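Structural overview for review
Take a look at the letters that make up each chain.
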Amino acid sequence: MLAALAGTAHAGQQSGRNAPPADAGAPPQPIHGPAPPVPPATIARDAANQATVRAVRLTAPLDIDGELDEQVYRDLPPASGFIQILPDEGEIAEEQTEVWVTFDDANLYVSARCLSSAPESEWVANDMRRDGMGLGQYVGILLDTFYDRRNAVEFVVNPIGGRMDGEISNERGWNQDWNPVWSVEVGRFDGGWTFEAVIPFKSLRYRPGRQQVWGFNIERRIVWNNEYSALVPLPASLGFGAIMQISQAATLVGLEVPDAGINLELKPYAIAELNGVRTPAQRLSNVATGDVGLDVKYAVTDNLVADLTVNTDFAQVEADEQQINLTRFSLFFPEKREFFLENQGVFSFGGEAGAGQFAGISNTPILFYSRRIGLHATEEGVTREVPIDAGGRFTGRIGKYSLGLLNIRTADAPAAGAQATSFSVLRLRRDLLRRSNVGVMFTDRSVSLTGRGRNQVFGADGLFSFYQNLNIRTYWAATRTGRRDAGDDESSHRVQLDYTGDRYGVQLERLAVGDDFDPEIGFLRRDDFEQSFARFRFSPRPRSIAAIRQFFWEGQIDYITDRGGVLETRQARGRFAVEFENSNLFDVIYNRNYEYLVEPFPLAAEVVVPVGGYDFDDVEVGYQLGQQNRVSGRVSLQHGGFYGGTKTSLNFGMGSGFFGTRLELTRQLSIEPTLSLNWIDLPFGKFDTRLVSSRVIYALNPLMFVSALVQYNSATSSVSTNLRLRWEYHPGSELFVVYNEERAETLLAPRRYPLQNRALIVKLNRLFRF
């Protein structure tokens, strides 16, 4: 499946219903010791069920219509024999998949026939958009084009033509915002569904040489019976993230790639904006503007790519999803700008992702947080855009080394209080052994936010992986701002041991962040602390209860002091969860907390928690509806103590998996609602918060959709609207039409929410490939 779905492991006990067809390719064999791959007619398996797949050169062009009616599909036996990851690890998949890999001088073709004993249920696929988050059923194509057994790209398709693509870095990180040029068509037949995917070689990076050997795997998720399978055996302990086990992928042979030629991409854009802002005189002032810019991508070699951006604009990016902050620490907002999201995994450090859904959720510092570039927070706490004059990025691989270089220059922005600044990042990582690596990182901000010269960060990190499930992560980093004063505590370090078995899990961590550690191109949730953390999990799969796939018992302790040893935070947490065979999940969580405040903590406008120590506990009950339901997502209720008083919370939103709340109305129309309500009663005051949002999506086809994100936040007394039309009118070329609006309650208009600002944006770009 998608690499990003790593999370709760899923498996259960079911007997096979459908044996693979007799012509489904070489079936898997009993697992014994490994043997070297043998070049096959189509697919060959060794004694350990590891596979070698042969790509076949086409002698006649394919008509890409998703129907699989060309002669090649009758003459060439498919690769099949898919193996369950979930629910029954290692067993033959009940719903088989047949795959063909072919190529010509320009493209790689991957075609598949997805067999089903309940074909009408295969249409549990509720998102037709490219990069939509509700793909439902899907098939994922993994290509390890450097054959380093660590990094790969993936192309995902569902039965209604929805598609997703992304990069997998170091068998862990998933970057969905890699958007190559490729196409796919789907078809339907009485026994399931089919697809034909066309991936231009120009969209891929690989080692030099005409004859290529790549890593290759195919995953398939079926929602109606909650089965997850792949071409080769993968561990159930990784759940729906098992495809990220690139070291276990099959080997693709017989592939011949064309001469890369110039391999140059030019993507100019033109933009027109009409902005309206309410003046102090309570009138709307409208200003029309226009601009042009250019993005350039050049393959310096087959495996090194240079990107250049001039007069960069991100007006088409979707608005941030608002958050309610009831903690003392900074909130993390994900990056959404395409230029910074491409190749983001290269710049990750210390095992902490800098982008994606799971970034910013822990106390571990992020050394490179790209939202520090082109965005600046004013003294009033308002985030304003800062113009980007130009920038460049150089990424790729040289043998066992991964390299990332980035430099961006921003302009003066007096309205935002920002000076012209140069941002630089250097990342170098070397592979070790089968799945380990070590690396270094350096960042530089030419104008420090403190006004004391420049800010720099130096760091070294390592990841050491043993067997399938044992990983040790470590790093050391230090910052330097202006002239360093003697005694400054500017360093941070971390050691983490993580065992992620299916039945048992253990995580132990020690993290320290100095009082003066300040990565100004990074993200720091809190500073001046030392954290000791331990988590233990027991998650058996009961064979005697047909309706239950897995139980989870988890316990953890988090103990945080300042650098002087004074206890600031302590949390003991226990969780019990039941995952059902239909993928629904029920859980109960108990938290026992202690917080020590060294300074008053303003929770709301007129509610301030005094200095002191506070003990409190709470209980949360939640239920998550799986994607097989028309309504999916997680609803939870939490109640307990909170800084000497009580807090009750009701939430309906993102679940423990990769996908959020979703109401499917049709295959093209869906609603993604989010609700967060808090009722807080303290000795120092009483208040409540309400955050309500909804994203409505209508997909006209896989390449054109309209979305509306409407949000109400009681903490800011505001209502915001973001309407977007995105049309990929030519491969890699897009038209965006965006309307933004913000309304806010004022003293002059309480409870009326008059318009404060609005903007209408039209942006057109065009991709030229040479």
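Residues numbered from 1 in each chain as written. Predicted model: local features only at pLDDT ≥ 70, side-chain atom pairs only at ≥ 80, totals over all residues. Heavy atoms only, no water.

**Some words on the environment of glutamine 627**
Checked against the element boundaries, glutamine 627 lands in the loop between β35 (612–625) and β36 (631–642). Looking at glutamine 627, the relative accessible area reads 10%, which means it is buried. On a C-alpha basis, the gap between glutamine 627 and glutamate 664 in space is 10.0 Å, while along the polypeptide they are 37 residues apart. (Helix = DSSP H or I, 4+ residues; strand = E, 2+ residues; numbered from the N terminus. Buried < 20%, exposed > 50% of the residue type's maximum accessible area, 1.4 Å probe, protein only.)

**What about the pattern of salt bridges?**
Taken as a whole, this structure holds 33 salt bridges when the rule is applied. A salt bridge links arginine 57 to glutamate 256, with the shortest nitrogen-to-oxygen separation between them at 3.0 Å. Of this pair, arginine 57 sits in strand β3 (residues 56–57) while glutamate 256 sits in strand β15 (residues 250–256), placing them 199 residues apart in sequence. A salt bridge links glutamate 265 to arginine 769; the shortest N-O distance between them is 2.9 Å. Of this pair, glutamate 265 sits in strand β16 (residues 264–278) while arginine 769 sits in strand β45 (residues 768–769), and the two are 504 residues apart along the sequence. What makes glutamate 265 buried here is its relative accessible area of 13%. (Salt bridge = Lys/Arg side-chain N within 4 Å of Asp/Glu carboxyl O.)

**A few points about the environment of alanine 93**
Following the sequence through the fold, alanine 93 ends up in the loop between β4 (83–86) and β5 (97–103). Given the relative accessible area of 1%, alanine 93 is considered buried.

**Thoughts on the nonpolar core**
Most often, soluble globular proteins have nonpolar side chains that are buried together. Within the largest apolar cluster, 59 residues are counted, with the highest numbers of intra-cluster contacts made by Leu108, Leu143, Trp214 and Phe216. Val317, Leu367, Ile388 and Ile408 belong to the second-largest nonpolar core, a separate cluster that totals 26 residues. (Core = buried A, V, L, I, M, F, W, Y, C linked by side-chain atoms within 4.5 Å.)

**A closer look at the environment of alanine 605**
With respect to the element layout, alanine 605 can be found in the loop between β33 (601–604) and β34 (607–609). Residues alanine 605 and phenylalanine 687, spaced 82 residues apart in sequence, show a C-alpha to C-alpha distance of 9.5 Å.

**With respect to unusual backbone geometry**
The amide bond that connects leucine 86 to the next residue, proline 87, takes the cis arrangement and shows omega of 5°. With respect to the helices, strands and loops of the structure, proline 87 is situated in the loop between β4 and β5.

**Side note on the sheet that holds strand β11 (residues 183–189)**
Read across the sheet, five strands follow the order β3-β5-β6-β12-β11 without closing on themselves; strand pairing throughout is mixed. Each having just a single partner strand, β3 and β11 make up the two edges of the open sheet. (Pairing = 2+ DSSP bridges.)

**Concerning the confidence of the model for the protein**
When the pLDDT values of the protein are averaged, the result is 86; 89% of them are 70 or greater. Across the protein, element-level confidence peaks in strand β29 (residues 529–538) with a mean pLDDT of 98 and bottoms out in helix α2 (residues 338–341) with 76. Confidence over residues 1–39 falls short of pLDDT 50; this stretch has 130 contacts with residues more than four positions distant or in other chains. (pLDDT = per-residue confidence, 0-100. Contact = heavy atoms within 4.5 Å.)

**Remarks on the packing of aromatic side chains**
On inspection of all chains with the given rule, the structure shows 23 aromatic pairs. Centroid distance tyrosine 504 to phenylalanine 538: 5.4 Å. Interplanar angle 35°. Geometry classified as tilted. In this pair, tyrosine 504 is assigned in strand β28 (residues 504–513) and phenylalanine 538 in strand β29, connecting sequence segments 34 residues apart. Connected via pairs of aromatic rings, a cluster forms that spans Tyr504, Phe538, Phe551, Trp553 and Phe576. Across from the ring centre of phenylalanine 642, 5.3 Å away, lies the NZ or CZ of lysine 647, which sits over that ring. Above the ring of tyrosine 269, the side-chain terminus of lysine 763 is found at 4.6 Å from the ring centroid. (Phe/Tyr/Trp six-rings, centres within 6.5 Å; stacked < 30°, edge-to-face > 60°. Lys NZ or Arg CZ within 6 Å of the ring centre and 35° of its normal.)

**Section: the side chain of lysine 647**
Tracing the backbone shows lysine 647 in strand β37 (residues 645–653). Despite its burial, lysine 647 remains without a salt bridge, the nearest opposite charge being carried by aspartate 618 at 6.2 Å. A distance of 3.4 Å separates polar atoms of two side chains, one belonging to lysine 647 and the other to serine 649. Among residues more than four places away in sequence, those in contact with lysine 647 are Leu326, Gln638, His639, Gly640, Phe642, Asn678, Trp679 and Ile680. (Lys, Arg positive; Asp, Glu negative; His and termini not counted. Polar contact = N/O pair within 3.5 Å; in protein donor to acceptor, adjacent residues only side chain to side chain.)

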